[in-house]
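Single-letter residue listing:
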Amino acid sequence: MLTMLISLFTAMEEGLSYFAIASNYSSQPAQMVQSIQSVLASKYESRNSEASDELQSDTEELEMVAA
C-alpha cells in the first residue's frame, strides 16, 4: 500500500513538473520540446548507464565462463 502511494505521489510530482515546463513554453513549442527532452535525458541517462555497465559486466563474465 505504501509503495503504491509513493508511486502515485512520484507520478503526480513528475506530471506537475512537465505541466510547468509546458506552461512556461506554451508559445514556443520548439523550446518546450527541447526542455522536456533534456529533462527526460537527464532522468534516464543515469539508468541507461547503470544498465549498460551491468550488461558489460555480465557479458565479460559469460565470456570467461565460456573460455
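Here is a short report on the structure shown in this document. (Residues numbered from 1 in each chain as written. Predicted model: local features only at pLDDT ≥ 70, side-chain atom pairs only at ≥ 80, totals over all residues. Heavy atoms only, no water.)

1. Some details on the overall build of the protein
Link 1 in the chain: A count of helical and extended segments in the protein gives two helices and zero strands.
Link 2 in the chain: Relative to its full complement of 67 residues, the protein shows a buried share of 4%.
Link 3 in the chain: When the accessible area of the protein is evaluated, it comes to approximately 5700 Å², of which 62% is carbon and sulfur surface. (Helix = DSSP H or I, 4+ residues; strand = E, 2+ residues; numbered from the N terminus. Buried < 20%, exposed > 50% of the residue type's maximum accessible area, 1.4 Å probe, protein only. Areas by Shrake-Rupley, 256 points an atom, 1.4 Å probe, with all protein chains shown as cover.)

2. Topic: the side chain of S35
Link 1 in the chain: Position of S35 relative to the elements: it lies in helix α2 (residues 29-66).
Link 2 in the chain: Leave out the neighbours within four places in its chain, and S35 touches I21 and Y25. (Contact = heavy atoms within 4.5 Å.)

3. As for a nonpolar patch on the surface
Link 1 in the chain: Taken together, M1, M4, L5, L8 and M12 make up a surface patch of nonpolar side chains, about 590 Å² in accessible area.
Link 2 in the chain: Relative to the elements of secondary structure, M12 occurs in helix α1 (residues 2-24). (Patch = residues over 30% accessible without salt bridge, like charges linked within 9 Å, V, L, I, M, F, W, Y side chains within 5 Å. Salt bridge = Lys/Arg side-chain N within 4 Å of Asp/Glu carboxyl O.)

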